Amino acid sequence: MKNYLWLVISLFSLLLYPVTASGHASVISSNPSPNEVMDTLPEKISIQFSENIQPAFHSLEVFSQDGDKIQIQDSTISKQSEKILEAKWKGTIDEGIYNIKWRVVSSDGHPIEGTIPFQFGDSAGLSDQENSEMNAGFPNSINVFLQSLQYISFAALTGILFFQFSLMKDSRLFEASRRARLYLWLSYAGLAFSIFFSLPLKVTIDAGVGWTDAFNVSYIKEVLNATNFGAIWIVEILILLFLFLVIYFMLENSLNKSLPFLSFIIIASLMVCKASIGHTAAVHNQVLAVLMDFLHLLSMALWLGGIMALLVILPGLAGLADRQTEDKKTFYWSIIQRFSRWAFLFVIILIVSGIYSSLQHVPTIHSLLKTTYGQLLLAKVGLMLVMIVLGAFHFFRGKKKEKKLGYSVGIEFGVGIVVLLVAALLTNVQTAMSSPGPIEKTLMTAENNEVTLMVTPNEVGDNRIQVNISNDEGMPYTEIEQLTIIMEPVDTDGGEIKLQLQGENTGTFTSKSILTMSGKWEIQVHGLTESLDSIDADFTILVGNS
């Protein structure tokens, strides 16, 4: 038992050290670039994003300083790359200040939009303006409600089915308990409702329209035919219909032991569909990301759903028929003990899959503490720790078999519901990848010299670059004649930036530089000593966009 507890605590502690991956799409380059003054118009407007964009509901519009709309061709996704949105000019434009307004749906299913100001000719002065991206905040209340309802319904369905074929081991559960039958159908209704209405909700989000247009046929067709969500939604509806039939026959044939297990497998397939929509679509190793997201959802559903079944179904079953007092007590506590053993397995799977997902979306401690996504993640971890403590309390209380579990199980269940609400928010909030914060990395060279690179604030715009070099004894290196760094974006041909760093103190060199785009950058540090020896170190950093 102690070994289990230490394993759980150790795995949870790893959540405090997330490292790398992806979020909503962000602009990494554009032509025209933000605040650019140009004498010649490019052949076409192009914007390159950090990840693929979906072929639905994208747009490019150009407006003059007076708000007049400039005629351009419809926006298209480039044949060269699914990360590039472009549109050709329909003619020439007068000198002046213009704003390019763009809107796309990123590969993780979230719409983003922004404005790129530029100046054509020399007729006016263009002051710096921000290239602002919107729709990166909290999701709307209807979205949170449907997501939460779907998670709760998953938990309720898997919980009662797991209760029957693994905990109770009696195929007569739904025959013996009307409450169990009602509980099953209500859970199915909640799941079907949340999945069905996710389509019109998706229309309102992607198309940027109100609920009066949510059932517009043309919008629905575009969502179904041109987004990742659309194909998965159709599969979900077909699976829901199949699940309805299996549940109906399961209740009509209570002695059939295979139908509850088949129902469980069908619900698990719906969870795989759910795991395939969202942030996992923007991760490089998408198969593993979906698998881990599925395991996370499944283990949480089984844990919370099992608690729900214990609260709703178990008390009635323990008092059924002609059981003697001692038999009722034995039956009650045997179910509790079986579930407690399974719950430890669910918690371990939950932690391991949660660690993996965190590593994909939270690059640094700074982003964990300073971003909305990171703060929600910390809140979720804290709530789950409360659930683990309550679960351990119930396990030890179950071993004594003194009295029923009481209100503390209700508290554990309530905390679990809040966890699902937080999970619904996390699914729709921009990940922490856009704000990694200041970077400090250290590498050892082949000659045992220590090279430390610091980039502050490590975001698009002006940055302070500092390099510290120490010798094999840990002392500042005093013989450096010249220190050069070459910086180049990894995801696009944005051109390299070469800097000659100035010595600030012994072994410390600094410079200022503009980082032109977010995403991964390679930084090569090259030092030359008085004796013409080289000190080289290659770094890869993640630059934020805000």
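Residues numbered from 1 in each chain as written. Predicted model: local features only at pLDDT ≥ 70, side-chain atom pairs only at ≥ 80, totals over all residues. Heavy atoms only, no water.

**Some points on the confidence of the model for the chain**
A residue-level look at the chain finds 84% of positions with pLDDT of 70 or above and a mean pLDDT of 81. Averaged over each element, pLDDT in the chain is lowest for helix α1 (residues 2–13) (41) and highest for helix α7 (residues 228–252) (93). In this model residues 128–138 is a low-confidence stretch, pLDDT under 50, and it forms 33 contacts with partners more than four residues away in sequence or in other chains. Note on residues 321–326: pLDDT under 50 across the span, and four contacts to partners over four residues away in sequence or across chains. (pLDDT = per-residue confidence, 0-100. Helix = DSSP H or I, 4+ residues; strand = E, 2+ residues; numbered from the N terminus. Contact = heavy atoms within 4.5 Å.)

**Considerations on the pattern of salt bridges**
Working definition: two side chains of opposite charge can pair if their charged atoms are close together. Per the stated rule, a full pass over the model turns up four salt bridges. The partner of E61 in a salt bridge is K69, with the nearest N and O atoms 3.0 Å apart. Here E61 falls in the partly exposed class, since its relative accessible area comes to 27%. D206 is the salt-bridge partner of K202, the closest N and O atoms lying 3.5 Å from each other. Separated by four residues within a single helix, K202 and D206 lie in helix α5 (residues 198–207), roughly one turn from each other. (Salt bridge = Lys/Arg side-chain N within 4 Å of Asp/Glu carboxyl O. Buried < 20%, exposed > 50% of the residue type's maximum accessible area, 1.4 Å probe, protein only.)

**Side note on the packing of aromatic side chains**
All told, the structure shown has 14 aromatic pairs when counted by the stated rule. For the ring pair W89 and F118, a centre distance of 6.5 Å and an interplane angle of 70 degrees mean the geometry is edge-to-face. Of the two residues, W89 is situated in the loop between β7 (84–88) and β8 (96–105) and F118 in strand β9 (residues 111–120); the sequence distance between them amounts to 29 residues. Like F118, W89 is buried. Look at F162 and W342: their rings are 5.2 Å apart centre to centre, the planes differ by 90 degrees, and that puts the pair in the edge-to-face class. Of this pair, F162 sits in helix α2 (residues 141–168) while W342 is found in helix α11 (residues 325–361), placing the two residues 180 residues apart along the sequence. Taken together through their ring pairs, the aromatic side chains of F193, F196, F197 and W233 make up a single cluster. The lysine or arginine in question, K101, covers the ring of F63, its NZ or CZ lying 5.1 Å from the ring centre. (Phe/Tyr/Trp six-rings, centres within 6.5 Å; stacked < 30°, edge-to-face > 60°. Lys NZ or Arg CZ within 6 Å of the ring centre and 35° of its normal.)

**Some remarks on the packing of α5 against helix α6 (residues 217–226)**
Across the interface, α5 lies against α6 with an axial gap of 10 Å and an inter-helix angle of 95 degrees. With respect to their mutual orientation, α5 and α6 come out roughly perpendicular. Residues L199, K202, V203 and A207 of α5 touch α6, and the partners they reach there are Y219, I220, V223 and L224. Its residues placed into classes, the contact of α5 with α6 shows seven nonpolar, no polar and one charged. (Axes fitted to C-alpha atoms, helices over the stretch in contact; angles between N-to-C directions. Parallel < 35°, antiparallel > 145°, perpendicular 65-115°, else oblique. Nonpolar A, V, L, I, M, F, W, Y, C, P; charged D, E, K, R; others polar.)

**Comments concerning the sheet that holds strand β6 (residues 76–77)**
Overall, antiparallel pairing links the four strands, which are arranged β1-β3-β7-β6 in an open sheet. Each having just a single partner strand, β1 (27–31) and β6 make up the two edges of the open sheet. Pairing geometry for strand β3 (residues 44–49) and β7, over five bridges, is antiparallel. Residue pairing across strands places K44 opposite K88, the latter belonging to β7. (Pairing = 2+ DSSP bridges.)

**A look at helix α4 (residues 178–196)**
Here α4 is 19 residues long and its end C-alpha atoms lie 27 Å apart, about the 27 Å a rise of 1.5 Å per residue gives. Residues of α4 that are buried include every one of A180, Y183, L184, S187, Y188, G190, L191, S194 and I195, and no others. For α4, the angular spread of buried residues about the axis comes to 160 degrees, placing them on one side. The exposed residues of α4 that point more than 90 degrees off its buried face are R178, L182 and L186. (Expected span 1.5 Å × (residues − 1). Arc of directions from axis to C-beta.)

**Some points on the nonpolar core**
Side chains of nonpolar character tend, in soluble globular proteins, to be buried together. Membership of the largest hydrophobic core comes to 93 residues, with the highest contact counts inside it found for F163 and W303. The greatest single-element share of this core, amounting to 13 residues, is contributed by helix α9 (residues 286–312). Counting 27 residues, the second largest nonpolar core, distinct from the first, contains L453, Y477, M517 and V543. (Core = buried A, V, L, I, M, F, W, Y, C linked by side-chain atoms within 4.5 Å.)

**Notes on the sheet that holds β8**
Across the sheet, five strands lie side by side as β2-β9-β8-β4-β5; this open sheet has mixed pairing. Strands with a single pairing partner mark the edges of an open sheet, and in this sheet they are β2 (36–38) and β5 (69–70). Here strand β4 (residues 59–64) runs beside β8; their pairing, made up of six bridges, is antiparallel. In the strand pairing of β8, F63 is matched with N99. Sheet strands touched by α5: β8 and β9. Its angle to β8, the strand with the most contacts, is close to 160 degrees.

**A closer look at unusual backbone geometry**
Glycine aside, residues mostly have negative phi, and peptide bonds are mostly found in the trans state. P32 follows N31 through a cis peptide bond whose omega is 5 degrees. Position of P32 among the secondary structure elements: in the loop between β1 and β2. A cis amide bond, omega 5 degrees, links T456 with the succeeding residue P457. Of note, P457 is situated in the loop between β11 (450–456) and β12 (461–470).

**Some details on the environment of K202**
What makes K202 buried here is its relative accessible area of 10%. Through-space distance from the C-alpha of K202 to that of I220 is 8.8 Å; in sequence the pair is 18 residues apart. Setting aside its immediate chain neighbours within four residues, K202 contacts G109, A207, V223 and F229.

**Some points on the pairing of β8**
In terms of residue burial, β8 counts as a mostly covered element, since nine of its ten residues are buried. The pairing of β8 with β9 spans ten bridges and is classified as antiparallel. Across the sheet, residue I97 finds its bridge partner in β9, namely Q119. Counted between consecutive antiparallel strands, the loop separating β8 from β9 contains five residues, among which G109 sits at a positive phi close to 90 degrees.

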